[in-house]
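What follows is each chain in one-letter form.
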Amino acid sequence: MLTTLQTAYSDTRAADLAWALGREPLPALAVLDLQLAGAKLQLRLLGASHQVLLEEDRGSCSETVACIPGSSTPLPLGVAKRLGDWEYEFAARVETLSEGSFAGRAQELLALVADHPHGLAGTFPGSPHAFTAMLAQRTEGQVRWRTWHAYPQEGQLVATRTRVGVRMPAPAR
């Protein structure tokens, strides 16, 4: 699903993004509710990037990547945590692209996500290449999602990927 977000573009720099686990739902500009083999997943586009809410019988998980005023947790390159019965893994990278490469990559990503049944993308007014996009899937008992946050004024694209799955017991010795 592709939508135009009716708000000012509030993320001004990739470096302003912060990461948080466990936040309450924040006001969303667009939402996609998914049922993925027993998991309820909500993809949320915020005026300041994204939030994913996951609910399963084993518990819930909330991931927020956004420009959060007063946040002291910058966007990490990687995180691995245990959340109850789950293992949570998060990774992020920042790509800096030339203007032409950026425009092409933006079009590719928006095309990938726009027609995908588990995809949500929102473009911000003022630039066709200012967007946040999200894509989710469930495979082998794990829920995974990828996100892209575009900063055309800097030529930067922030890509994240997350995996949440049941913690496997340690092998017997």
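As shown above, the structure is provided for reference.
Let me sum up the structure you'll find in this document. (Residues numbered from 1 in each chain as written. Predicted model: local features only at pLDDT ≥ 70, side-chain atom pairs only at ≥ 80, totals over all residues. Heavy atoms only, no water.)

Quick look at the overall build of the protein
Okay, so step 1: Scanning the protein for helices and strands turns up one helix and 12 strands.
Okay, so step 2: Going residue by residue from the N terminus, the α and β elements of the protein occur as β-β-β-β-β-β-β-β-α-β-β-β-β.
Okay, so step 3: Relative to a compact globule of 173 residues, whose C-alpha radius of gyration would be 16 Å, the protein shows 16 Å and is just as compact.
Okay, so step 4: Relative to its 173 residues, the protein shows a buried fraction of 47%.
Okay, so step 5: Considering only contacts within the protein whose residues lie at least 6 apart along the sequence, 57% involve residues at least 24 apart.
Okay, so step 6: Summed over all atoms, the accessible surface of the protein reaches about 8800 Å², with 50% contributed by carbon and sulfur.
Okay, so step 7: Looking at charge distribution, the protein has the averaged site of its 16 positive side-chain charges lying 7 Å from that of its 17 negative ones. (Helix = DSSP H or I, 4+ residues; strand = E, 2+ residues; numbered from the N terminus. Rg over C-alpha atoms; globule rule 2.2 N^0.38 Å. Buried < 20%, exposed > 50% of the residue type's maximum accessible area, 1.4 Å probe, protein only. Contact = heavy atoms within 4.5 Å. Areas by Shrake-Rupley, 256 points an atom, 1.4 Å probe, with all protein chains shown as cover. Lys, Arg positive; Asp, Glu negative; His and termini not counted. Charge placed at Lys NZ, Arg CZ, Asp CG, Glu CD.)

Remarks on the pairing of strand S12 (residues 156-166)
As a general feature of sheets, a regular strand has side chains that alternate between the two faces.
Okay, so step 1: Here S12 lies mainly inside the structure; nine of its 11 residues are buried.
Okay, so step 2: Direction of pairing for strand S8 (residues 86-96) relative to S12: antiparallel, over a ladder of 11 bridges. Bridge pairing links Trp86 to Val166 in S12.
Okay, so step 3: Taken together, the 10 bridges between strand S11 (residues 142-151) and S12 define a ladder with antiparallel strand orientation. Across the sheet, Gln142 pairs through a bridge with Gly165, a residue of S12. (Pairing = 2+ DSSP bridges.)

Describing the sheet that holds strand S5 (residues 49-56)
Okay, so step 1: Taken together, the five strands give an open sheet; going across it, the order is S2-S6-S5-S4-S3, and neighbouring strands pair in antiparallel fashion. What marks the edges here is a single partner per strand, and that holds for strand S2 (18-21) and strand S3 (30-36). Put simply, the sheet's adjacent strands are angled 10° from each other on average, direction ignored.
Okay, so step 2: Across seven bridges, the pairing between S3 and strand S4 (residues 39-46) is antiparallel. The partner of Ala30 across the bridge, within S4, is Leu45. (Axes fitted to C-alpha atoms, helices over the stretch in contact; angles between N-to-C directions.)

Details of the sheet that holds S12
Okay, so step 1: The seven strands lie next to each other as S1-S9-S10-S11-S12-S8-S7, forming an open sheet whose pairing is mixed. Looking at which strands have only one partner, the edges of the open sheet turn out to be strand S1 (2-4) and strand S7 (78-83). Sheet twist, expressed as the average angle between the axes of neighbouring strands with direction ignored, equals 15°.
Okay, so step 2: Where S1 and strand S9 (residues 119-123) come together, three bridges link them in parallel fashion. Looking across to S9, one finds that Thr4 is bridged to Thr123.
Okay, so step 3: Here helix H1 (residues 99-114) sits on the sheet and contacts S1, S8, S9, strand S10 (131-139), S11 and S12; the angle it forms with S10, its principal contact strand, is near 45°.

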